[in-house]
Amino acid sequence: MINIAITDLITNLILYIQKLQSWFQLPDGSWELGTIIQNFGSESLISLPQGKVLKVNLESLVPANPDILDGVDDLMQLSYLNEPSVLYNLEYRYNKDVIYTKAGPVLVAINPFKKVLLYGNNYIEAYKSKSLESPHVYAVTDTAMREMIRDEVNQSIIISGESGAGKTETAKIAMQYLATLGGGSGIEYEILKTNPILEAFGNAKTLRNDNSSRFGKLIEIHFSETGKISGARIQTFVQCSEGERSYHIFYQLCAGASNILRENLKLKNADEFRYLRQSNCFTIPGIDDAEHFQVVMDALDIVHVKKEDQDSVFAMLSAVLWLGEISFTDIDSDHHVEPVVDEALINVATLIKCEVEDLKLALSTRKMRVGNDTIVQKLTLVQAIDARDALAKSIYSCLFDWLVEQINKSLAVGKRRTGRSISILDIYGFESFERNSFEQFCINYANERLQQHFNRHLFKLEQEEYIQDGIDWAKVDFEDNQDCLNLFEKKPLGLQSLLDEESTFPNATDLTFANKLKQHLNSNPCFRGERDKAFTVCHYAGEVTYDTTGFLEKNRDLLYLDSIQLLSSCACHLPQAFAASMLAQSEKPVVGALHKSGGADSQKLSVMTKFKGQLFQLMQRLESTTPHFIRCIKPNNFQSPGTYNQGLVLQQLRCCGVLEVVRISRSGFPTRMTHQKFARRYGFLLLDHVASQDPLSVSVAILQQFNILPEMYQVGYTKLFFRTGQIGVLEDTRNHTLHGILRVQSCFRGHQARCHLKELKRGIASLQSFVRGEKTRKEFGVLLKRHRAAISVQKRIRERIYRKRFNILKVASTSIQSVIRGWLVRRCSGDVGLLQFGGRKGNEPEEVLVKSSFLAEMQRRVLRAEASLRFKEEENDILHQRLQQYENRWSEYELKMRSMEEVWQKQMRSLQSSLSIAKKSLAFDDSRRNSDASVNGNDDRESSWESGSNFKSHDINGARSLGAGLSVINRLAEEFEQRSQVFGDDSKFLVEVKSGQVEASLDPDHELRRLKQMFEAWKKDYGARLRETKVILQKLGNEEGSSGEKAKKKWWERRNSTRII
């Protein structure tokens, strides 16, 4: 009954009480999201998703975030930042195929183990234009690109994570984005094509990853001043031995080589070579080795590896495989051996182009110097096998380095180097297997060093910089791996030092090495000795137990001088290059037991020492760049899509320090900038002019103007520190302002350019008009000359054609006439003959009939010929008449013109003579009048008193009339001169047009008729006026004459009367 009551109470509480969600950790370590039903002091009732109700301790519950924060793209946005909330958020996004999540400055990428629709040109353009801002590898790469251009500081993208977490694919995605952004020169295609080559020669299948990198590479991509890729350089690190199966290239070569190549390389199937069948794994599900081999060959062509060099590379690969087939046989009772001269030994000698005996000696003997003497030591079976394997490893390692060198030559920057670069680091991830050997020891040490760089950049340096700049800062504790690095690197009692020291002793074994470690390092908290040859190291990612079997031999990895001399004696250029490279690495002698024991003269440094040196060079390179971190997470160990193992993911998050990164980013100031740089970058945004003030004052004025809250930034001694997202506001304002300035400048420059263009257009149009006018005038002159010449030529040609036709017709007519006349003559002559001699024959009538028909036919023919002749003559007459008409018409025109000119000239001369006569008559009358007046002066004085007044008035009127007549005649004479000049010019022009001397768009005949009509009308009018003038003058003359006669009569009457009186 109590249980029933409790159940009812719980049900009611679930229905009516507000639900509070919390995380509860189950006994297996996984987290479940439960709802708090009721609290009882330090305990609480919670309901789990499966319907279970548990009573748990309140302190064991972890608060959960509200539903609105499910699936946020940045872990910094979570209200409660704890492990179960982070795991749930990542799983929520992973189940929706959203594999990227931000954790402050770090990008978390979960391997989906399948293809997801998050890549391609559309996504690249979206992130390039900032239309997409969700977490992505593209976003990290774009940020690195922009910071490189803005700050002029080299950038690096460090991709880390466990083996199988997707680091190699992430690196290729980042390279694809950079190639698209900085493409254009074609070299970006070559950079992308280096991936198939490096993966084929440097990657292998392991238990946890089908494409595990067995080497480290740093791809340094260089950019020009305009942001375009100008070249690249690839730096590799010491290769580790193969994993579950050997390197991909061996299987690809065996599967994809052509028949001719297989025959030249003496290739067999992959499962027939000893080196490849040790793992009993020859294929990878879903991978076609033959297809990948073709991709590798195409990539070698693209990076400009010559065809003969490719053949040599494949020959070296085949030689490595055949080295594994060489067997040995005992030659004495001391178990000394020598290689068996069989197919394997002969094939190796043929492929590397050396003598069989030299190869046989190099694999079975070792030369040692003792003082000035050289001792030849025979090898046992174990030593010979080690020498054989060491030669194979050295050839392959040198081949890989040579390929990288050739790729770097193809991608060389040279003179285009600008100092700006983005480096992408893709290195083997942390590994932990059931049995971990020397390879895992080196890989995990490298990852420890990378984790130290990560911690140093995000934690140590961050907090140290806050303290040095006087920032109010609450220190955040984080898990440091410095103790683990000290375990590896400390001298003289570190793992590496003890390994190198033990490797120098000839009698040392793996067991003595393990015991020495336990003896000296048991007190270290990161070290724990195990049974037999094992020991355990507490790495940042967890504890790893190593088996020391093979540690000393692999660390020595000795290649005897005999083997190097063998390679240098080969006829093939690649082994010679390998030998020269190995000899160059052995310049520094080694002192100590290793040298005394007659070890390798060729390799003076241990593998661990070389690996450590390369790793330190890598770290120095990364320290000089601004890093961007991508943490790759493996959701399960089975490479199964959609499976999310909370424990595995949580372990990787702890190892990566993601939670600490988020905590320090939330409480810290991830963005910082010096006062000078901040004032120089944003000072122009100030409304007031404060350029004369110091950078700190300018920076504070900028912050105050944009109302940035004091808690969102802090002012240090040398820098300004901003919380996340604050600098973005200033950047947006700066970009908008610069965009406006550029827009105004572009508009003004466009206006200037358009004005200048208009002026140029006007000038060009004027110049073109002048040039075209001059050209047209010249062309018109040429055409006019041609036209006149053509007219003249046509006239002459037509004349010749018609004359020729006429002559032909004339000759033909003459010929026809002669023939007809001859025929008529002959006919008449024939008839006469018949009449004379026909009477002598009896058949005369019949003969006369025949001759008459013949004559009739001939007559018809003659009639037809005469008709044709008449037709031709008529046609000839018509043509002749036309020609005559043209000539007559032309002559008529000429005669008309001449007659008109003559008529005009005669009329002009008659008019001129009439005018001159009129002038002379007027002048004569005037002179006569004056003389009469002088002669009769005395007589007139006598009668002047009688008729003085009348006579005086008469003289005045006569003078006036005479002056008027003279003015009229002068005007008529001037008009005559003008009209004669006009008509003469017009007629002359029309004659020139008619003759073709002048070109004009008018009809000369019509104009001539019109001119003639005008002349006739003017002549008629002028004649009428001239006659009127004559009549007027005659009247005036008659009046004067009559008055004179009357005066004379009166004078004579007075004279006579006087005499009579």
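Because the structure is a prediction, the values reported are computed rather than measured.

Glancing now at the pattern of salt bridges. Per the counting criterion, the structure on display carries 26 salt bridges. E152 is the partner of R420 in a salt bridge, and the nearest nitrogen-oxygen pair spans 3.4 Å. Residue R420 is found in strand β17 (residues 420-426), and its partner E152 is found in the loop between α4 (137-151) and β8 (155-161); the two are separated by 268 residues along the sequence. Connected via shared salt-bridge partners are K130, D142 and R146.

The subject of this paragraph is unusual backbone geometry. Each neighbour pair has its own omega, and for K491 with P492 the value is 0°, a cis peptide bond. Mapped onto the secondary structure, P492 falls in the loop between α17 (482-489) and α18 (495-503). Phi at K266 takes a positive value of approximately 55°, unusual for a residue other than glycine. Mapping K266 onto the fold places it in the loop between α9 (259-265) and α10 (274-277). Take K266: its relative accessible area is 36%, and that puts it in the partly exposed class.

Another point: the pairing of β8. Burial runs high along β8: seven of the seven residues are buried. Relative to β17, β8 runs parallel, the two being bridged by five bridges. Directly across from Q155, in β17, lies its bridge partner I422. Here β8 runs beside strand β21 (residues 626-633); their pairing, made up of seven bridges, is parallel. Paired with I157 across the strands is H628, a residue of β21.

Glancing now at the nonpolar core. The biggest cluster of nonpolar side chains holds 139 residues, and the ones touching the most others in it are F201 and F314. When residues in this core are grouped by element, the largest group, 14 residues, is from helix α15 (residues 381-410). Those residues in contact with F314, other than ones at most four positions away along the chain, are L253, L261, L265, F293, M297 and L300. Grouped together as the second largest cluster of nonpolar side chains are 55 residues, C442, F459, A508 and L517 included.

Once that is clear, we can look at the sheet that holds strand β4 (residues 53-57). Taken in spatial order, the five strands of this open sheet run β4-β3-β2-β1-β5, and their pairing is antiparallel. Since the sheet does not close on itself, it has two edges, and those belong to β4 and β5 (62-63), each with one partner. The sheet contact formed by strand β3 (residues 43-47) and β4 spans five bridges and is antiparallel. What sits directly across from I46, in β4, is L54. Its contacts with the sheet place helix α2 (residues 83-94) against β1 (20-25), β2 (31-40) and β5, and it is angled at close to 100° to β1.

Let's shift gears to the state of the cysteines. Under the definition given, this model contains zero disulfides. C526 carries a free sulfur, and the closest cysteine sulfur to it, the one in C484, is 5.2 Å from it. Among the cysteines around C572, which has no disulfide bond, C570 carries the closest sulfur, lying 7.5 Å off. Given a relative accessible area of 6%, C572 falls into the buried group.

Next up on the list: the packing of helix α14 (residues 356-364) against helix α21 (residues 561-568). Running from N to C, α14 and α21 cross one another at 160°; their axes reach a closest spacing of 8 Å. Judged on the interaxial angle alone, α21 and α14 are roughly antiparallel. Here α14 runs over α21; the crossing is left-handed. Contacts between α14 and α21 pair D358, L359 and A362 from the former with D562, S563 and L566 from the latter. Taken together, the residues that form the contact of α14 with α21 break down as three nonpolar, one polar and two charged.

Looking at where Q440 falls in the secondary structure, it is placed in helix α16 (residues 438-468). Relative accessible area serves as the criterion here: at 7%, Q440 is assigned to the buried category. A polar contact is formed between the side chain of Q440 and the backbone nitrogen of S437, at a distance of 2.9 Å. Ignoring anything within four residues of it in the chain, the contact list for Q440 reads R214, E431, F433 and Y546.

Reading guide: rules and limits
Residues numbered from 1 in each chain as written. Predicted model: local features only at pLDDT ≥ 70, side-chain atom pairs only at ≥ 80, totals over all residues. Heavy atoms only, no water. Salt bridge = Lys/Arg side-chain N within 4 Å of Asp/Glu carboxyl O. Helix = DSSP H or I, 4+ residues; strand = E, 2+ residues; numbered from the N terminus. Buried < 20%, exposed > 50% of the residue type's maximum accessible area, 1.4 Å probe, protein only. Pairing = 2+ DSSP bridges. Core = buried A, V, L, I, M, F, W, Y, C linked by side-chain atoms within 4.5 Å. Contact = heavy atoms within 4.5 Å. Axes fitted to C-alpha atoms, helices over the stretch in contact; angles between N-to-C directions. Disulfide = S-S within 2.5 Å. Parallel < 35°, antiparallel > 145°, perpendicular 65-115°, else oblique. Left-handed = near helix turned anticlockwise from the far one by under 90°. Nonpolar A, V, L, I, M, F, W, Y, C, P; charged D, E, K, R; others polar. Polar contact = N/O pair within 3.5 Å; in protein donor to acceptor, adjacent residues only side chain to side chain.

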